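Next come the chains, spelled out residue by residue.
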Amino acid sequence: MLAVTSGKGGVGKTNTSINLAIALAKKGVRVAVLDADLGLANVEVLLGLNSLYNIQHVIAGERSMMEVLVQGPGGISVIPGSSGIARLADMGPRARQNVLDALQELQENHDFIIVDTMAGIGQNAVAFAAACDEILLITTPEPSSIVDAYAMIKTIYQMRDDAVFRLIVNQALNEAQAKAVAAKMSQVAQQFLGRKISYFGFIPRDPHVQQSVMQSNPFMLRFPQCAAASNVQALATRLMQQRMDQTAPSRSGFFRRIAENLGLASNG
Ligand SMILES: Nc1ncnc2c1ncn2[C@@H]1O[C@H](COP(=O)(O)OP(=O)(O)OP(=O)(O)O)[C@@H](O)[C@H]1O
Ligand SMILES: [Mg+2]
């Protein structure tokens, strides 16, 4: 389970989640995108989907995860989000168990689950991101985005000492700029938190991204040759490589961690 998160909003989480998922699916693995942005359900909007059921029905116990799941473009599975659902920590034990059971079911049927989270250090986003195996942290080169990303790193580390961050610099002018952003961030994290933040790659600022958003058609499919698409393809290749290098996928850790993060007793 990979969380895609950021400190600041609007930096490109949803576009990265969807297009990375499609790039992975192209390689023949089973990928699901879970829309965990409880504010605005925008995975569906970007994909031009309009589904009957969403994560809210899973939480309420009215539908199973596999019933709610829809087939998105490019061979990805999508679990639509819902605006205005309760924070995990505020849910009753029954609802929370429904969510955890459903995630388990999802994991059994997919090789990668990409969780498009909310921006910022709200409790839900942090609890969820911290429980994931890896956190793909998105920032743009703008100072405000970098500062907020750093705040996110700090908050998540407070919750989980061994969190694994991979920094993706979106909307970069070029590789040199992206690397400079990553180096700066890593240096600050090293200085104040005693941690290194690993640079995972960048996605260039590319007008095709906005065009594809306007058309509700992911750039990975609509403009597969564009600069953004080729970089996302490279990120997918790195993720696959990493997965193959791992001796055993850490599957069960998520459930223990999310319970710990929320201060709950895990009952399974
Ligand atoms: N690489 C890029 N090049 C050009 N424009 C981009 C790029 N990435 C994102 N954008 C622009 O930024 C907008 C926001 O992207 P996106 O919806 O993915 O961000 P987000 O982080 O999910 O936002 P939110 O926090 O609201 O969920 C896009 O609609 C697009 O116009
Ligand atoms: Mg989004």
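About the criteria used
- Residues numbered from 1 in each chain as written.
- Chains lettered and ligands numbered in written order.
- Predicted model: local features only at pLDDT ≥ 70, side-chain atom pairs only at ≥ 80, totals over all residues.
- Heavy atoms only, no water.
- Salt bridge = Lys/Arg side-chain N within 4 Å of Asp/Glu carboxyl O.
- Helix = DSSP H or I, 4+ residues; strand = E, 2+ residues; numbered from the N terminus.
- Phe/Tyr/Trp six-rings, centres within 6.5 Å; stacked < 30°, edge-to-face > 60°.
- Buried < 20%, exposed > 50% of the residue type's maximum accessible area, 1.4 Å probe, protein only.
- Lys NZ or Arg CZ within 6 Å of the ring centre and 35° of its normal.
- Near = heavy atom within 4 Å.
- Polar contact = N/O pair within 3.5 Å; in protein donor to acceptor, adjacent residues only side chain to side chain.
- Nonpolar A, V, L, I, M, F, W, Y, C, P; charged D, E, K, R; others polar.
- Pairing = 2+ DSSP bridges.
- Contact = heavy atoms within 4.5 Å.
- Axes fitted to C-alpha atoms, helices over the stretch in contact; angles between N-to-C directions.
- Lys, Arg positive; Asp, Glu negative; His and termini not counted.

Q: Just checking my understanding: could you explain the pattern of salt bridges for this structure?
A: Charged atoms that come close allow side chains of opposite charge to pair. The full count for this structure, using the stated rule, is five salt bridges. One salt bridge connects Asp111 with Arg30, and the closest N-O pair in it is separated by 3.1 Å. One end of the pair, Asp111, is in the loop between helix H5 (93-109) and strand E5 (112-116); the other, Arg30, is in the loop between helix H1 (13-26) and strand E2 (31-35), with 81 residues separating them in the sequence.

Q: Any chance you could explain the packing of aromatic side chains here in plain terms?
A: One pair of aromatic rings is described through two measures. These are the centre distance and the angle between the planes. Within this structure, the stated rule accounts for one aromatic pair. Arranged with centres 5.1 Å apart and planes meeting at 80°, the rings of Tyr157 and Phe165 form a pair that is edge-to-face. The exposure class of Tyr157 is buried, given its relative accessible area of 10%. Its end group placed over the ring of Phe200, Arg238 keeps NZ or CZ at 4.8 Å from the ring centre. It is Arg243 that lies over the ring of Phe112; its NZ or CZ is 4.1 Å from the centre.

Q: Explanation requested: the site of ligand 1 in the structure shown.
A: Lining the immediate environment of ligand 1, one finds 18 residues, of which Gly10, Lys13, Thr14, Asn15 and Asn170 sit closest. Take Asp206: an N or O atom from its main chain is 3.0 Å from a nitrogen atom of ligand 1. Of all the secondary-structure elements, those providing two or more residues to the shell around ligand 1 are H1, strand E7 (165-172), strand E8 (198-204) and helix H9 (207-214). Tallied by class, the residues present in the shell around ligand 1 amount to five nonpolar, nine polar and four charged.

Q: Looking at this structure, how should I read the sheet that holds E7?
A: The strands making up a sheet associate through hydrogen bonds between their backbones, and the pairing can be parallel or antiparallel. Pairing within the open sheet is mixed, and its eight strands lie in the order E3-E4-E2-E5-E1-E6-E7-E8. In the strand order of this sheet, the two ends are held by strand E3 (70-71) and E8, each with one partner. With two bridges connecting them, E3 and strand E4 (residues 77-79) associate as antiparallel partners. Within the sheet, the bridge partner assigned to Val70 lies in E4 and is Val78. Across the sheet, helix H7 (residues 143-159) lies against strand E1 (2-5), strand E6 (134-139) and E7, angled at about 160° from E6, the strand it touches most. Taken strand by strand, helix H11 (residues 227-245) contacts E1, E5, E6, E7 and E8, and its axis lies near 155° from that of E8.

Q: I tried to follow the pairing of E5 on my own but got confused; where do I start?
A: Sheet faces and side chains relate simply in a regular strand, where the side chains alternate between the two faces. Across the five residues of E5, five count as buried, placing the element largely inside the fold. Residue alternation in E5 divides its side chains into two sets, Phe112, Ile114 and Asp116 and Ile113 and Val115, and both sets are buried. Of the pairings in the sheet, the one linking E1 to E5 comprises three bridges and is parallel in character. Bridging across to E5, Ala3 finds its partner in Val115.

Q: What is the right way to read the side chain of Asp35 from this model?
A: Of note, Asp35 is situated in strand E2. Look at Asp35: it is buried, it has no salt bridge, and the nearest opposite charge is Lys13 at 9.9 Å. Within the structure, the side chain of Asp35 is placed 3.3 Å from the backbone nitrogen of Asn42, a separation counted as a polar contact.

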